[in-house]
Amino acid sequence: MNRSARAFWLRSPGHGELRDVTLAEPAEGEVLVRALYSGVSRGTETLVFRGGVPESQHAVMRAPFQEGEFPGPVKYGYLSVGVVEAGPAELVGRTVFCLYPHQTRYVVPVSAVTVVPQGVPAARAVLAGTVETAVNALWDAAPLVGDRIAVIGGGMVGCSVAALLARFPGVRLQLVDADPGRAKTAEALGVDFATPGDALDGCDLVVHASATEQGLTRALELLTPEGTVIELSWYGDRRIALPLGEAFHSRRLTVRSSQVGTVSPAARSGRGYADRLALALDLLADPALDALITGESAFEELPDVLPKLASGEIPALCHRVRYGDIG
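Residues numbered from 1 in each chain as written. Predicted model: local features only at pLDDT ≥ 70, side-chain atom pairs only at ≥ 80, totals over all residues. Heavy atoms only, no water.

**Let's talk about the sheet that holds strand β14 (residues 223-231)**
- Spatially, six strands are ordered β12-β11-β10-β13-β14-β15 in an open sheet, and the strand pairing comes out parallel. The two strands at the open ends of the sheet, each matched to only one other strand, are β12 (192-194) and β15 (254-257). The sheet shows a mean angle of 25° between the axes of neighbouring strands, taken without regard to direction.
- Judged from the four bridges that link them, strand β10 (residues 148-152) and strand β13 (residues 203-208) form a sheet pairing that is parallel. By the bridge assignment for β13, Ala 150 is matched with Val 206. (Pairing = 2+ DSSP bridges. Helix = DSSP H or I, 4+ residues; strand = E, 2+ residues; numbered from the N terminus. Axes fitted to C-alpha atoms, helices over the stretch in contact; angles between N-to-C directions.)

Below is the structure:
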């Protein structure tokens, strides 16, 4: 087997580099995966790149195959799609998704990979981790037929949630974002779009994913009495203020966190991470979700590309990394 690989590391906040890796031979119950694509989750990964993970959250924020520690040096990432080159016969040659950082080849346990369905292109499967987050949010939110719903924040997570909600019958749905340019993405997903000032109120449910204080405040304003906000934003080391006086109590509003890492037993008893990820991959058969991938670059370019993603110089929802035939 080819035991050489290269990996992207955050050397220190704001500075990335590629490092050579020598792989161990896969043991029984392990697979060797050659990466085809990976995805940069712009919100979380650029937070890590900037060194914005609070010390209290270092353990919670660890990626499954992370090496090193925050704020750096650290090898971080969790949206990898590749082809199995060695391992059990039934997996060799199959395309798989894995929660692995940006690396050309890697060895992981068989249990760490999920086979990508035949109807889902490998290039789209990098969205699996984010669509999985959206699935969990909707399991927590439990929307009903005919609900009036807003999704605030047209980033990668918010758009994934909106794309899934668009399949619910009879809902009134808007994607809300301060950037009018997100209207094109909403159109591609089959969802109505509004800026915060024009958003429809009287919502039974608002899913908030803008990671801004203004967005969460607007989410509360859009609710009907007894309405619920599902909070998906990750704020890192920032503190936010909310208007929990005024009419918050008299209108009996609810703000609920949606945990990405675990499935609430109350939401879906007996179903865990593997069920959620398999469902997310099945849902990625929809070509409309290609609208969430807004840029692509070669793996070798990551040290130059990630600073531009973190600064906003390269605007992106999901930025896809292409590996080609590199070793």
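From this point on, the discussion continues.
**Digging into empty space enclosed by the protein**
- Evaluation of the coordinates by the stated rule reveals one cavity of 30 Å³ or more.
- Counted as a void, the largest cavity has a volume near 70 Å³.
- By residue number, the principal contributor to the lining of the largest cavity is helix α1 (residues 42-50), which donates three residues.
- Partitioned by chemical class, the residues of the lining of the largest cavity number seven nonpolar, one polar and one charged. (1 Å grid on protein atoms, 1.4 Å probe; cavity = no way out; pocket = protein on both sides within 12 Å on 5 of 7 lines; lining within 4 Å. Points joined across faces, edges and corners; volume = space filled by probe spheres on them. Nonpolar A, V, L, I, M, F, W, Y, C, P; charged D, E, K, R; others polar.)

**A look at the pattern of salt bridges**
- One pass over the full model with this rule turns up 16 salt bridges.
- Between Arg 11 and Glu 17 there is a salt bridge, and its shortest N-O distance comes to 3.2 Å.
- Looking at Arg 11, the relative accessible area reads 38%, which means it is partly exposed.
- Arg 322 serves as the salt-bridge partner of Glu 296, at 2.7 Å between the closest nitrogen and oxygen. Here Glu 296, found in strand β16 (residues 293-298), pairs with Arg 322, found in strand β17 (residues 318-322); they are 26 residues apart in sequence, far enough to count as distant.
- Among the ionic contacts, a cluster of salt bridges with common partners joins Arg 11, Glu 17 and Arg 19. (Salt bridge = Lys/Arg side-chain N within 4 Å of Asp/Glu carboxyl O. Buried < 20%, exposed > 50% of the residue type's maximum accessible area, 1.4 Å probe, protein only.)

**Some words on the environment of Ala 123**
- By secondary structure assignment, the location of Ala 123 is in helix α2 (residues 122-125).
- Distance in space between the C-alpha atoms of Ala 123 and Ile 293 is 9.3 Å, their sequence separation being 170 residues.
- Sequence-distant contacts of Ala 123, that is, excluding residues within four places in its chain, are made with Tyr 37, Ile 293 and Arg 320. (Contact = heavy atoms within 4.5 Å.)

**Examining α1**
- Listed in full, the buried residues belonging to α1 are Thr 44, Glu 45, Thr 46, Leu 47, Val 48 and Phe 49.
- Summarising the contacts, the buried residues of α1 are in contact with β1 (4-12), β2 (15-22), β3 (30-41), β5 (74-75) and α8 (302-311).
- Gly 51 occupies a position one or two residues after α1 and carries a positive phi of about 80°.

**Comments concerning the nonpolar core**
- Within the largest apolar cluster, 71 residues are counted, with the highest numbers of intra-cluster contacts made by Phe 97, Leu 127 and Val 161.
- Judged by nonpolar contacts, the second largest core, of 16 residues, contains Val 176, Cys 203, Leu 216 and Phe 248. (Core = buried A, V, L, I, M, F, W, Y, C linked by side-chain atoms within 4.5 Å.)

**Overview of the state of the cysteines**
- In total, this model carries zero disulfides according to the counting rule given.
- Looking at the unpaired Cys 159, the closest cysteine sulfur is the one in Cys 318, lying at 12 Å.
- Exposure remark for Cys 159: the relative accessible area of 0% places this residue in the buried category.
- Left unpaired, Cys 203 is separated from the closest cysteine sulfur, that of Cys 159, by 17 Å. (Disulfide = S-S within 2.5 Å.)

**Concerning the side chain of Glu 231**
- Structurally, Glu 231 is set in strand β14.
- In this structure Glu 231 touches His 208, Leu 216, Val 255, Arg 256, Ser 257 and Ser 258, once residues within four positions along its chain are discounted.

**Observations concerning unusual backbone geometry**
- Going from Phe 70 to Pro 71, the amide bond is cis rather than trans, its omega being 0°.
- Counting through the fold element by element, Pro 71 comes out in the loop between β4 (67-68) and β5.
- Note that the residue after Gly 72, namely Pro 73, is joined by a cis bond; omega there is 0°.
- Positionally, Pro 73 belongs in the loop between β4 and β5.
- One non-glycine residue, Glu 226, lies in the positive phi region at around 75°.
- Here Glu 226 is to be found in strand β14.

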